[in-house]
Every structure is written in structure tokens, then in C-alpha cells.
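Chain residues, written in single-letter form:
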Amino acid sequence: MPTEPAVDERNPAAPVPETYRQTLTRLKAAQKPAGRGAPAYSIYVNRKLGRFIAAAAFRAGLTPNQVTAISATLSGIAVLLLALVPPTFWLGLAVTVLLAAGYAFDSADGQVARLRGGGSAAGEWLDHVVDAVKSSTLHAAVLITAYRFLVPAGQRGWLLVPLGFMAVSAIAFSVFLLNDLLKAARAGRDTTSVIRTGSTPLRSLAGAPTDYGVLVYVFLLIGLPTAFLVVYGLLFLANLGYLALALPKWFRDIRALDPKRPAPEGIR
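## A closer look at the overall build of the protein chain
Turning to step 1, where the next piece is worked out: The helix and strand tally for the protein chain stands at nine helices and two strands.
Turning to step 2, where the next piece is worked out: For the protein chain, the sequential pattern of α-helices and β-strands runs β-β-α-α-α-α-α-α-α-α-α.
Turning to step 3, where the next piece is worked out: Here the protein chain holds 268 residues, and the buried ones make up 38% of them.
Turning to step 4, where the next piece is worked out: A separation of at least 24 residues holds for 76% of the contacts in the protein chain among residues at least 6 apart in sequence.
Turning to step 5, where the next piece is worked out: When the accessible surface of the protein chain is split by element, carbon and sulfur atoms take 68% of a total near 15500 Å².

## Notes on the nonpolar core
A general trend in soluble globular proteins is that nonpolar side chains are found buried together.
Turning to step 1, where the next piece is worked out: Core analysis: the biggest nonpolar cluster contains 46 residues, and Trp158, Phe219, Phe228 and Tyr232 have the highest contact counts within it.
Turning to step 2, where the next piece is worked out: When residues in this core are grouped by element, the largest group, ten residues, is from helix α4 (residues 89-115).
Turning to step 3, where the next piece is worked out: Setting aside its immediate chain neighbours within four residues, tryptophan 158 contacts Val142, Ala146, Val151, Leu229 and Tyr232.

## Quick notes on a nonpolar patch on the surface
Turning to step 1, where the next piece is worked out: On the surface, a cluster of nonpolar side chains totalling about 600 Å² of accessible area is made up of Phe89, Trp90, Leu93, Val97, Tyr217 and Leu220.
Turning to step 2, where the next piece is worked out: In terms of residues, the nonpolar patch owes the most to one element, α4, which gives four residues.
Turning to step 3, where the next piece is worked out: Structurally, tryptophan 90 is set in helix α4.

## Details of the pattern of salt bridges
A side chain of one charge can pair with a side chain of the opposite charge when the charged atoms of the two come close.
Turning to step 1, where the next piece is worked out: Counted under the stated rule, the structure contains three salt bridges.
Turning to step 2, where the next piece is worked out: Salt-bridge contacts for aspartate 106 lead to lysine 134; the nearest nitrogen and oxygen are separated by 3.7 Å. With aspartate 106 in helix α4 and lysine 134 in helix α5 (residues 121-150), the pair connects residues that are 28 residues apart, well separated along the chain.
Turning to step 3, where the next piece is worked out: Looking at aspartate 106, the relative accessible area reads 12%, which means it is buried.
Turning to step 4, where the next piece is worked out: Across the salt bridge formed by aspartate 253 and lysine 249, the nearest N and O atoms sit 2.8 Å from each other. In this pair, aspartate 253 and lysine 249 both sit in helix α9 (residues 225-255), four residues apart, roughly one turn of the helix.
Turning to step 5, where the next piece is worked out: What you see here is one network of salt bridges that share partners, running through Asp106, Asp131 and Lys134.

## What to know about the confidence of the model for the protein chain
Turning to step 1, where the next piece is worked out: Residue-level pLDDT values for the protein chain average 84, and 80% of them are 70 or greater.
Turning to step 2, where the next piece is worked out: Highest mean pLDDT in the protein chain belongs to helix α3 (residues 64-84) (96); lowest belongs to strand β1 (residues 7-8) (42).
Turning to step 3, where the next piece is worked out: Note on residues 1-15: pLDDT is under 50 here. Beyond four places in sequence and across chains, it has nine contacts.

## Some details on the packing of α3 against α4
Each pair of packed helices can be described by the angle between their axes along with the distance between the axes.
Turning to step 1, where the next piece is worked out: Running from N to C, α3 and α4 point in directions that differ by 165°, and their axes come no closer than 8 Å. By the angle between their axes, α3 is roughly antiparallel relative to α4. Once α3 is placed against α4, the crossing between them reads as left-handed. Together, Pro64, Val67, Thr68, Ile70, Ser71, Leu74, Ser75, Ile77, Ala78, Leu81 and Leu82 of α3 and Leu91, Val95, Leu98, Leu99, Ala101, Gly102, Phe105, Asp106, Ala108, Asp109, Val112 and Ala113 of α4 make up the contact between the two elements.
Turning to step 2, where the next piece is worked out: Classifying every residue of the contact of α3 with α4 by side-chain character gives 17 nonpolar, four polar and two charged.

## Quick look at the packing of aromatic side chains
Turning to step 1, where the next piece is worked out: Using the criterion set out here, one finds nine aromatic pairs in the structure.
Turning to step 2, where the next piece is worked out: Here phenylalanine 165 and tyrosine 232 contribute two aromatic rings whose centre-to-centre distance is 5.1 Å and whose plane-to-plane angle is 50°, an arrangement assigned as tilted. Here the residue phenylalanine 165 occupies a position in helix α6 (residues 160-187), and tyrosine 232 occupies one in helix α9, the gap between them amounting to 67 residues. For the pair phenylalanine 165 and tyrosine 232, one class covers both residues: buried.
Turning to step 3, where the next piece is worked out: In this structure an aromatic cluster arises from ring pairing among Trp158, Phe165, Phe219, Phe228, Tyr232 and Phe236.
Turning to step 4, where the next piece is worked out: Above the face of the tyrosine 212 ring, lysine 134 is positioned so that its terminal group lies 4.6 Å from the ring centre.

## Quick notes on the environment of isoleucine 53
Turning to step 1, where the next piece is worked out: Its location among the elements puts isoleucine 53 in helix α2 (residues 40-59).
Turning to step 2, where the next piece is worked out: The spacing of isoleucine 53 and aspartate 106 is 53 residues in sequence and 10.0 Å in space, taken between C-alpha atoms.
Turning to step 3, where the next piece is worked out: Residue contacts for isoleucine 53: discarding those within four places in its chain leaves Ala104, Phe105 and Ala108.

## A few points about the environment of alanine 172
Turning to step 1, where the next piece is worked out: Looking at where alanine 172 falls in the secondary structure, it is placed in helix α6.
Turning to step 2, where the next piece is worked out: Relative accessible area serves as the criterion here: at 24%, alanine 172 is assigned to the partly exposed category.
Turning to step 3, where the next piece is worked out: As for alanine 172 and alanine 244, which are separated by 72 residues in sequence, their C-alpha atoms are 10.0 Å apart.

Calculation criteria
Residues numbered from 1 in each chain as written. Predicted model: local features only at pLDDT ≥ 70, side-chain atom pairs only at ≥ 80, totals over all residues. Heavy atoms only, no water. Helix = DSSP H or I, 4+ residues; strand = E, 2+ residues; numbered from the N terminus. Buried < 20%, exposed > 50% of the residue type's maximum accessible area, 1.4 Å probe, protein only. Contact = heavy atoms within 4.5 Å. Areas by Shrake-Rupley, 256 points an atom, 1.4 Å probe, with all protein chains shown as cover. Core = buried A, V, L, I, M, F, W, Y, C linked by side-chain atoms within 4.5 Å. Patch = residues over 30% accessible without salt bridge, like charges linked within 9 Å, V, L, I, M, F, W, Y side chains within 5 Å. Salt bridge = Lys/Arg side-chain N within 4 Å of Asp/Glu carboxyl O. pLDDT = per-residue confidence, 0-100. Axes fitted to C-alpha atoms, helices over the stretch in contact; angles between N-to-C directions. Parallel < 35°, antiparallel > 145°, perpendicular 65-115°, else oblique. Left-handed = near helix turned anticlockwise from the far one by under 90°. Nonpolar A, V, L, I, M, F, W, Y, C, P; charged D, E, K, R; others polar. Phe/Tyr/Trp six-rings, centres within 6.5 Å; stacked < 30°, edge-to-face > 60°. Lys NZ or Arg CZ within 6 Å of the ring centre and 35° of its normal.

This is the structure we're talking about:
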């Protein structure tokens, strides 16, 4: 038997405002499934952080675009600090906290949109633009700080690593979006409704080196130049290898969307 909605005893005509816990519960129920192969930090840590932020932002009356703007501001400050300030442990800690917070707000904007009844094309566009700028400028900041403070004059060849990382990030991001757009176009749906399959823990852990959340915490090592250069370089190689393996598979997946055409007469 349905229960009657709670009412405010001071004003029986008005329903009692939703509590923060109730907002969290409603948001969890509306959570979209993780994309297949989505990396572990993004699913098990960042999404949950974003949920807490989204519930608070929704109750504060913030729009999804305002949450996106906060994410961009936090990440932008981190990138500027990384490029301009000499590397120390404290710089690394500040950059890591700002990037991690920016990433959590990046997860929260879409969740706020779901709480408000659904996102918009403009909001999705803004979110993707901020992601593209963030991923490119972060590696550019690594290039700048490496040139200014970390890499000796005789080892300038290492500067190709952040350049390569920037290219790999841009290619992976572009192809990932293109995959969703083509699948949605063939299915006659918008990109937010593309069929996704849940990610298993093993698959998520296997994708950890490609996780932006893992990259964020590498900056804790910025005060130890050798350790940072080695770990950052290994992450670049892991991302390059993943992209090299993924591109042929993605091509096969997209080719499978095309209907099979009968062979022309006389060629059968």
C-alpha cells in the first residue's frame, strides 16, 4: 500500500524537503552503468566521490554547467601551478589534490544533470571540451616543467615523452567519442543512450594504467625528479600500447555496424 508523502507540520500543504541522504539514494538508483573496460579508479573511487559532490551541488541549486566550471577551474589552477612553480613535494601535493578534486567534479556534473531530469546537448558539449583541454594542457605543463626544472640539458630527448603522451591522449579521446557517435547514429539514438555493458573488476584493473585518476597521483612524485620521470614515462608506454591494441578492435567494432551488401552480379 503506498505511503503518504511526508509533510511539514508547520505548513501541512508543503512536502518536507528531501534530505541529503535521500538525494544520494535517488542518485545511486539513477546511476548509469559503467562503460565496458572503464578503469577501476574512475568506477570505484571517482564516481562515488562525484556522487557525494553531485548531491551537495544539487541541494545547493547548482546547475550541471556550473559544476563543470568548478571542475575546469580546479584543473586549470593545477595545470598553471605545474607549469610555473618549481617542483617540490608540496607542489606535487597541491597539484594532485586539485586535479583529483577537478576529476571528481567532472564526474559530478552529469550526475547533477540526472538529478535534474536529464542533461542537454550543450552541457555534454561543454563537458567534453573541458576534458579535451584538460588532458592536452596537463601534458603540456609536464613538458614545460620538465624542460625548466627536471631534465638536464644532455637528456632533452625525454621531452618527446609528454609530447607523445599528449598525442596519445588526444587520439584516444577523439576515437572514443567517435565510436559513441557512430554507434548512436546507427542505432538512431543520442550518445547518452548508447548501449553500455558493465565492467568487471578484472577488466577495470587491467585498464588502470590508462586511468586519468592514476595519472593524477603520479604528480605526488614531482619533488623526486627521477622517480617522476620514470613512472610518467612508464604510464606513457602503457597508454601507447593500449591504444595500439585497441584501435584495430575499435575498427572491427565499427565495421560490424555496416550492413552486409550482396556482391555485384558476375562477381559471386
